[in-house]
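Remarks on the overall topology
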Amino acid sequence: MKFPRLLLIPVLATFAIAQEASVKPGINDKFLDPNLKADEWAQKFETESREIFHQREKIVAALRLRPGLSVADIGAGTGLFTLPFAQGVGPKGHVYAVDIAKNFLSHIQARAIQAQAANVTTVQCTPRSVGLPEASIDLAFICDVYHHFEYPQDSLASLHKALKPGGQLVLIDFKRIPGVSSDFVMGHVRAGQEVFEAEVTAAGFEKLTETTDVLKENYFVRFKRK
């Protein structure tokens, strides 16, 4: 039986005259800890008090996955969406679980093997690149992760290359509204929806739709690769 594999794809940094500076230095330090305990993070991520977990089935349904699609779960974490995606795209489709934390990827790999999901590949990304081959995916899914992009221009450029022509990007992230959003969101998330959308469109994407009937604390926007 073919099982998912941990694929560490080396990514060479491209140095321009003026390389993009970090927009939030240190935001991912805890995920780079070699002693990171994925089981403990699963208890934090996969809890009913978290809107994304509570509405996970509606989120997957709204994506309208089809058999045969190739999907990248960017910032897959403990794999909350990876296995539902694998089921949604079927055995002829493929799911790349992408994360910066090697321990998260090992956790996902174990879950995929247990579920006999042979259409899952784990990929360790870098702070500047998602580490996926060119034109390899139909859909990029970024859920409560974009605010962790330390170098958003570089990461979006690599995503643009990884998407097939006409491929789509789904962005879900916290609404950051002064006087409305929690203190945690205001302190943790560097900018609101308008800023993040502007960064995505500037990277070569066109906004298609916004789903407003699934989430309250987060926004759900779909883009198309130009």
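Nothing here was measured: the structure is a model prediction, and the numbers come from that model. (Residues numbered from 1 in each chain as written. Predicted model: local features only at pLDDT ≥ 70, side-chain atom pairs only at ≥ 80, totals over all residues. Heavy atoms only, no water.)

**A look at the UniProt feature "domain: Methyltransferase type" (unreviewed entry) in the chain**
Under the convention used in this document: UniProt positions are given in the numbering used here, feature names are shortened, and annotations may be inferred rather than shown by experiment. Numbering of helices and strands starts at the N terminus; helices are DSSP runs of H or I of at least 4 residues and strands are runs of E of at least 2.
The UniProt entry lists residues 73–171 under the feature "domain: Methyltransferase type" (unreviewed entry), expressed in the numbering used here. The span residues 73–171 shows a helical share of 32% and a strand share of 29%, and its end C-alpha atoms are spaced 11 Å apart.

**Points about unusual backbone geometry**
Definition in use: Remark: exposure states derive from per-residue accessible area (1.4 Å probe, protein chains only) relative to the maximum for the residue type, with buried under 20%, exposed over 50%, and partly exposed in between.
With a phi angle near 55°, R64 is a residue other than glycine that sits in the positive phi range. When you line up the elements, R64 lands in the loop between α3 (56–63) and β2 (70–74). Positioned with a positive phi, A135 is a non-glycine residue whose angle comes to about 50°. Within the secondary structure layout, A135 lies in the loop between β4 (120–124) and β5 (137–143). For A135, a relative accessible area of 38% gives the class partly exposed.

**Quick look at the pattern of salt bridges**
Note the following rule: For this analysis, a salt bridge means a side-chain nitrogen from Lys or Arg found within 4 Å of a carboxyl oxygen belonging to Asp or Glu.
Enumeration according to the criterion identifies eight salt bridges in this entry. In this structure, D144 engages R50 in a salt bridge whose closest nitrogen and oxygen atoms are separated by 3.6 Å. With D144 in the loop between β5 and α6 (152–162) and R50 in the loop between α1 (38–45) and α2 (51–54), the pair connects residues that are 94 residues apart, well separated along the chain. For D144, a relative accessible area of 7% translates into the label buried. Here R50 falls in the partly exposed class, since its relative accessible area comes to 22%. Between K164 and D138 there is a salt bridge whose closest N-O contact spans 3.4 Å.

**With respect to the packing of aromatic side chains**
Applicable threshold: To pair, rings of Phe, Tyr and Trp, with the six-membered ring standing in for Trp, must have centres within 6.5 Å; the planes then decide the type, stacked if under 30 degrees apart, edge-to-face if over 60, and tilted in the middle. The criterion is that NZ of a Lys, or CZ of an Arg, lies within 6 Å of the ring centre and within 35 degrees of the ring normal, and then a charge sits over that ring.
Enumeration over the complete set of coordinates arrives at 11 aromatic pairs. Each ring, one from W41 and one from F45, has its centre 5.4 Å from the other, and the planes form 40°; the classification is tilted. Of the two residues, W41 and F45 are both situated in helix α1; the distance of four residues between them amounts to about one turn of the helix. Above the plane of the ring of W41 lies K44, whose end atom (NZ or CZ) is 4.3 Å from the centre.

**Looking at the layout of surface pockets**
We count it as follows: Definitions used for this entry: grid spacing 1 Å over protein atoms alone; cavity, a set of points where a 1.4 Å probe fits but cannot get out; pocket, an open set with protein on both sides within 12 Å along at least 5 of 7 lines; lining residue, one with an atom within 4 Å of a point. Grid points are joined across faces, edges and corners, and a volume is the space filled by probe spheres set on the points. Classification used: nonpolar for Ala, Val, Leu, Ile, Met, Phe, Trp, Tyr, Cys and Pro, charged for Asp, Glu, Lys and Arg, polar for all others including Gly.
Approximately 850 Å³ is the volume found for the largest pocket. What lines the largest pocket is a set of 42 residues, among which F45, R50, D144, V145 and H148 lie closest to the centre. At the level of secondary structure, the elements contributing two or more residues to the lining of the largest pocket comprise α1, α2, β2, β3 (94–99), β5 and α7 (183–188). When grouped by side-chain class, the residues that make up the lining of the largest pocket number 21 nonpolar, 12 polar and nine charged.

**Describing the pairing of β3**
Basically, it comes down to this: Pairing between strands is defined by DSSP: at least two bridges between the two strands are required. Handedness of a crossover: with both strands directed away from the viewer, a clockwise path from the first strand across the helix to the second marks it as right-handed.
For β3, the tally of buried residues reaches six of six residues, placing the bulk of the element in the interior. Taking every second residue as pointing to the same face, both faces of β3 are buried, with H94, Y96 and V98 on one and V95, A97 and D99 on the other. As judged from the five bridges shared by β2 and β3, these two strands associate in the parallel manner. Bridging from a neighbouring strand, I74 pairs with V98 of β3. Running through helix α4 (residues 82–89), the crossover from β2 to the neighbouring parallel element β3 is right-handed. Here β3 pairs with β4 via five bridges, running parallel. Directly across from Y96, in β4, lies its bridge partner T121. For the segment spanning β3, helix α5 (residues 102–114) and β4, crossover handedness is right-handed.

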